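Residue-level structure breakdown
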Amino acid sequence: MLLEWCTLEPSGSSRLAAIRFNVPVRVKTIRIFPVGTRPFAQCPDVVARTEPAAFYLNIYFNILPVTPADPALRPKPTNELVHSVLPYSGDRAEFSVDMSIEYATRFVIFQGDFESVSLAIYGDLVTEQSTLPLTYHPNPLPIVENTPLTASLDPANAKDPTLLARQLLELIPESPSLAIVVRLMYCVKPSDADWEHPDFPYLYMDLGQDIGDFSLEKAVKLTTEQISDELTSDQLSSFVDKVSSVIGPPDSDQSYRLACLLSNLASQNPELTKLILASQAKIDLIEVIEPSHLDKYTMSKLAQAATNIDVARHLDSGKFLDMVQDVRNIYVGDPDTSSDATKLLDRIQGWHALSDGLVNPDGDFAAAATLLKDVGTHELAFGIWLESMIAHPDIFEQINHEIAVPLSHPLNLLQDPPVPTNHQDFLAFVKAYVSVALCVAVYAWSDSLPNARCRERVLGILRLWQTVDGYREIVNHFLLIPQMTFRLECMVHGDDTPTRAGMDAENIILNLANEPQAFLSQDIIQCIFALGQPLSVITEEERLTLRKLADIADGGLVCALEELAGLPGADLSDIRNLRVLRCSLAVIDSVIRGSDDGEWRVLEPSWGGRTQGVVIHLGEVYSALVKHIRQRFGLALPLSKSHNLTDQTFRSVNETLVLFTRLASSYLPPTRVVREWTANTVDLFACTDAADATFSRMDPVAAAARETRDTCIYSLRTLANLDVSIGSRHVSEIIFRMILKHGLRDGEIDPVYQLHQTFTLVDHLIPFPNPEILGHDEYTGLWVQRVIPNALTELHAFFTVLDVESKGHLIKRLVNVDDGVVGVGEWLVLESMKDFHRLIQNADEHPNGTSILLYRAMLYLRLLEDLLLPSSSVSTWSLDFIESSPEMLGLLSSCLGWLLQRRYTAPDATDIAYRIAAGRPELDDAALIIAISSTLLRTAQETDLSVTDLVSNLHPIPDLLKKLPEERLVEMRPEVGAMAGALIPTLMVDLQLATAVVRILEVVTERSQVPVELPGLTGSHLSDLLENLNPEIPLEKVEPLQSKIAPSSQHPVELTNLTQLPSALSYPFSEIHDIVHRVADAQPPPGTPPLKPQAQDAVIGMANISPSTILRSPLVTGLTKTYLKNDFRQLRQSNQTRQNTSRLPSMHVDVRPFHPF
C-alpha cells in the first residue's frame, strides 16, 4: 500500500529532510520520479519535481523492533539508525527495501545533494505481534515461471542475427555499417587523428598510389589501414599484380611478410583476400612457405589469418597441414611455437567443422564450438572471424533463417567439454553467439564516440542477457576481451554522480565476477583494483570481497595454495569463503593446464616444507563441503539458507572434486584419505539426485547438482582406473569396498535412498568387458582377479539388502564381467539360496512374523525367477548353474519342497519350475524333479489360471517323471491324483488339457504291475474323470487307464487349503511399534564386559616390575618425565595444577544390530 507521497526539500547546512509516520510501518519499496512526470493517473494535478537529474540519496531508517503482545516479552526501547544509499540516475527509479518482519520504522531521514526529490513510499502498517497460531493452515507454494525474452531480444530464435545490432547502431546518427564497426573496433585501429577527421570513419588507404619501389614490406604497411569495400576489380587486381611481382625465392623473411599480409587482409575487403589467394600462378602460398620458415612469429600471423574463412579453406590442404604438423612435432619442446602450430591447425579444422555443422545435421558440433570459444578470447581473431560471419555470403545465408522449434534459451556450448547437442540447438547457439558479438562491437563503437543513448541501451541489454542461461556465458566470454574490460572500468569511474550506464556497468562486473575463471584475466584484476567509492551498486562489503579475490588471483599459485591451506578450518557456509575457495581452485587449475609440468608445480611447494600436501587440504575442504550438503538434503530439517549459497556450495564441491581427482591421479594420497573421499563422494552422489528432484530442471542449483553428479562418477572411475596399489591393496579394491561399506551405514541421509544411489554408483564403477577382445583386457582382468574376490564379504552384505530388481541387475553385471573365471555370480546366487534355506528352517521359531517371513520367501523366489526369464541375459547361464551345482540342486529342491509341504503357492515358484522343466528336460536330479513336477501339478488347483497356461505348465511333466525311479515315482501319486480330481470339469472342454492329463496318468501307471491308487480319486471321482475326457482322445489311450487306476479311499483335498505368498507387505504402524519394542526388550541391558581373570604368575610378574624402571627405561620414548625428590610435589602446589583432571566414568554401551527375526 502507499504509505507516503511527498516532495522533500533539504534544509540547513547538513541538507537533511525527514518523514515521520503516525504508526510503525514496514517499508518495502521507494520510488523516485523525475521532474515533470505525473506519478498517479487518478491525480493528474500531482507533478513530480526531482532536481538535479542525478544524485546519491542517503537514507537513515530509525529501526523499531516489533513488540509482542505480552508486555513481559517486550524488549527495551532502542534508538538505532540503519543507513542505505540510493543512487538516482534519472527517469523513474524503484528501489526495494529488504526490511525484516521483526522490525519496523516510524522515522526516515533523507540527506544528499538534491534541491528537491519527489518520492512514493510503499509498504505495510505494523501492529503489535500477536501470539503464535495454534493451528497450522497449509498454503500452496507459489509457482515461479521464467519470463521468456521478447522476440527482439532473443536472437537465438530470430531469423536475422544481425537485426538487433543494426537497430542499436541506428541510434547513432550517420552510423557506418556493422562490417566497418567490427573492423575499426577490433582489427584496424584508428589513430587519434583519424577520430577527429571530418570524414571519419570513411578513411581508406589508396592502394593505387605511387610509392616508388614497391616491396612486400610496403604492401604489408599499406594494408594496416582500412581499405574501401567499393574498390573496382581492376584496382584490386592491380594491387595483387604488384604483390606478385615482388615475390622472390622462398626465405624466412618473405614467409613472415606474406603471413603478415594475409593477417592484415583477413579483416579487409573480402574480394581482395580472395584475389590474393586465387592467384596461384603468381603467389602460391603452399609453395612459397617452407617448413623451415614456420617459426613462432610466422605461425602466429598465419593463425590470425586462418580465422578468415577464405584463408582457412585455402590452407586446408593435405600438404600444408602435414607441414604444420611436422613443425609442431619438431618444436614440441618450444611451447610458443608448438602452441601456435596447434592453434593454426585447430582453426583450419574448426572452420571446416563450423561451415559443415551449419548445414549438416550430423556435423562435428563439438569441434565447431571449440573454434567459437577460441576466437572469442583474442581481439584480432575475434574481429576477423566476426566479419567473415556477416560478410561472407555463404556463411551468412546459412544462419539467416528461423529455427524450426524455438528454444527457451540457447545451450551453453562454451563449457569444457561441450554438451551434446543437435543441429537445431547448434544453429540457435551460433545465431546467439554472432548477435551478442555484434552488440558488444556496437557498445565499443558507441563508447568510443561517445554516444550515451546507444551505450546505455546496449549495456542494459548485456545486463539482461547476463540473467539468462546460455546468453550469460556468451556475454561473459566476450567481456573478458581486454578492450571490453577496460571500457567497463572507465564506465564505472566516469562520473561522480550516478548514471544508468555506470550502474549497469557495475552490475555487469558483479555478474562477471561470480565466475572464478574471470579472475584469471589480468585485465579483470586491474579493473577490480581500480574500484573505489562512491559506487552505485557494489557495496563496500562486496568491493572488499572482490578485492580479496583479485589479490588471490594476482598472487598466483603461492597465494592460492596458502588460502586453500587455511580453508578447512573456515566456515564454508559463508558465501565469501566459498568464493575464495573457487578463486583459489581456478588459479591452481590454470597452472596445471598452462604447462606440461603444471601438476608438479602445484605439488612441489608442499614437499619442500613440513606441511600437508595440497591433496590432503583438498580432501579436508571436500569433506567440509559435503557435510554442509548432507545437512541441506539429509533427514534432519535443514537450516534456512539462501538459494545462492546452495548453488555456490554445489559449484564449489564440484570444482574441488575435479581438482582433487586430477592431482590424486598423479600423487595418490594415503588409504585413510582415499576411504574418506570415497565415503564423501557416495554421500554427495545421493545428495545431487535429491537436489535435482527438489528444484526445477531449469534452476541453477539443479544444473549444478547434475554437473556434480557426473563429476562423482568421473572421479571414482578415474581413480579406480589407476594401476597403483597402496600397500598390498589395489586402489580399485579400496574404493570398491568402501563404497559397499558406506552404502550400508546409517547417517544423515535416508538409508533406503542412499542404498539406491550407492547401487547406481556400483553399477557405474564395475567395468564393462570389451566385446572386441577375446577374454579380459588388463583393467577388467584386475577387477575379476583381485578387486571383486577381495570384496566378497562387503559385496554379500550389500547384495543382501538390495531390492529384487537391483539384485538381479547386479548379478547380471557380475556374470557379464566375470565370464566364468571366478564364479562370483554363481556364489551370490548360491548364498541367496542358502539365506532362503536358513529362513525356512527357522520359520517355526518366529510365529509372530509369519507375514514378513512369507514376503521374504517371495522375494527370494522373485530373484531366481528374474534370472530365469527368457529375456534375461543370464537365463542360459542360470540354467547351466542350477544343473551343474549339486548344492544348488539340493537347496532349490528343499525350498520348493517347503512351499509344497506348507501348501504355499506363488506365481514366481511356478515360473521357476516351468523355466527349469522346459529349459533343461534332461535334468536327472530326482529330488528337484519331484519338487518341480509337484509345483507345476499344484497349479491345477488354482482357480484363476487360464487353460492355456495350465496346459503349458503340465506339458513338460511326463518327460520329467519318466526319469524318476519307481520308488520315487510313488511320491508323485498324491499330487497327480489331486491334479486329476481338480480338472475333472475341464477335461471335456479342452482337448489339449485332456491329452496332457492322460500322458501324465500313463507315465505314473505304466511301470506298475498292479492298479495304482491315486489319493483323491475315489470311485465316483475316477468314473467322472474317465467319462469327462474329451471324446476326441483315442480309446486305446483311455481304456488302459481304467484297469491301471484303482479307486482311492481318500477324499480330494479342499482347494481352499492353498495359500498364496504375499506380493507386497503392509503392516499397521501399531504392529511395527510392537515388533520394535519386543526386539528392544529382548536385548540384554548394556554393560561393560567382565575382565578375564588373570593368572597368578602374570599378577606376580607385574608386581616385580619397578615403576621407576619403566620410567627410566631407554626403550620408553615420547612424553615421559622422571621426577626426582620433591619435584612432583612442588609442581602440584601451583594454582593451575590444583584442578580435578579425573576423566568421566565409563560410558561404554553395547551396540547390537537390529534383527527382527
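The paragraphs below set out a description of the structure included in this document. (Residues numbered from 1 in each chain as written. Predicted model: local features only at pLDDT ≥ 70, side-chain atom pairs only at ≥ 80, totals over all residues. Heavy atoms only, no water.)

**A look at the overall build of the protein chain**
- On a plain count of helices and strands, the protein chain comes out with 50 helices and 13 strands.
- The 1157 residues of the protein chain split such that 48% are buried. (Helix = DSSP H or I, 4+ residues; strand = E, 2+ residues; numbered from the N terminus. Buried < 20%, exposed > 50% of the residue type's maximum accessible area, 1.4 Å probe, protein only.)

**What to know about the pairing of strand β2 (residues 16-33)**
- Summarising the sheet, β2 and strand β6 (residues 103-112) pair through six bridges and their orientation is antiparallel. Opposite L16, over in β6, you have Q111 as the bridge partner.
- Pairing of β2 with strand β7 (residues 117-125) involves eight bridges; the strand directions are antiparallel. Residue V27 lies in a different strand from β7, and its bridge partner there is G123.
- Where β2 lies against strand β5 (residues 93-96), four bridges are found, and the strand directions are antiparallel. Considered in β5, the bridge of I32 is made with A93. (Pairing = 2+ DSSP bridges.)

**Observations regarding the packing of helix α36 (residues 875-884) against helix α37 (residues 886-901)**
- At a closest axis distance of 5 Å, the pairing of α36 and α37 adopts a crossing angle of 95 degrees. In terms of their interaxial angle, α36 and α37 are classed as roughly perpendicular. Residues F881, I882, E883 and S884 of α36 form the contact with α37, whose own contacting residues are P886, M888, L889 and L892. (Axes fitted to C-alpha atoms, helices over the stretch in contact; angles between N-to-C directions. Parallel < 35°, antiparallel > 145°, perpendicular 65-115°, else oblique. Contact = heavy atoms within 4.5 Å.)

**Focus: unusual backbone geometry**
- Following E51, the chain continues into P52 via a peptide bond in cis, with omega recorded as 0 degrees.
- Here P52 shows up in the loop between β2 and β3 (55-65).
- Of note, the bond from L449 into P450 is cis; its omega dihedral lies within 30 degrees of zero at -5 degrees.
- With respect to the helices and strands, the residue P450 is situated in the loop between α16 (423-448) and α17 (452-465).
- Here E174, not a glycine, exhibits a phi torsion of approximately 55 degrees, which is positive.
- Turning to its location among the elements, E174 is positioned in the loop between α1 (163-169) and α2 (178-187).

**Structural notes on the side chain of T105**
- Along the chain, T105 falls in strand β6.
- A polar atom in the side chain of T105 sits 2.7 Å from the backbone oxygen of N62.
- Here F107 takes part through its backbone oxygen, which lies 3.2 Å from a polar atom of the side chain of T105.
- Excluding residues that lie within four positions of it along the chain, T105 makes contacts with V23, P24, V25, V27, F61, N62 and M99. (Polar contact = N/O pair within 3.5 Å; in protein donor to acceptor, adjacent residues only side chain to side chain.)

**A closer look at the packing of aromatic side chains**
- Following the criterion strictly, the structure yields 22 aromatic pairs and no others.
- Both rings, one in F836 and one in Y860, keep their centres 5.3 Å apart while their planes meet at 15 degrees; by these two values the pair is stacked. Linking F836 in helix α34 (residues 824-841) with Y860 in helix α35 (residues 850-868), this pair joins segments that are 24 residues apart in sequence.
- One aromatic cluster in this structure is built from Y186, F382, W385, F429, Y433 and F478.
- Here the basic side chain of R632 rests over the ring of F633, its NZ or CZ set 4.8 Å away from the ring centre.
- Here the basic side chain of K807 rests over the ring of F799, its NZ or CZ set 5.4 Å away from the ring centre. (Phe/Tyr/Trp six-rings, centres within 6.5 Å; stacked < 30°, edge-to-face > 60°. Lys NZ or Arg CZ within 6 Å of the ring centre and 35° of its normal.)

Any functional reading would require information beyond the geometric quantities listed.
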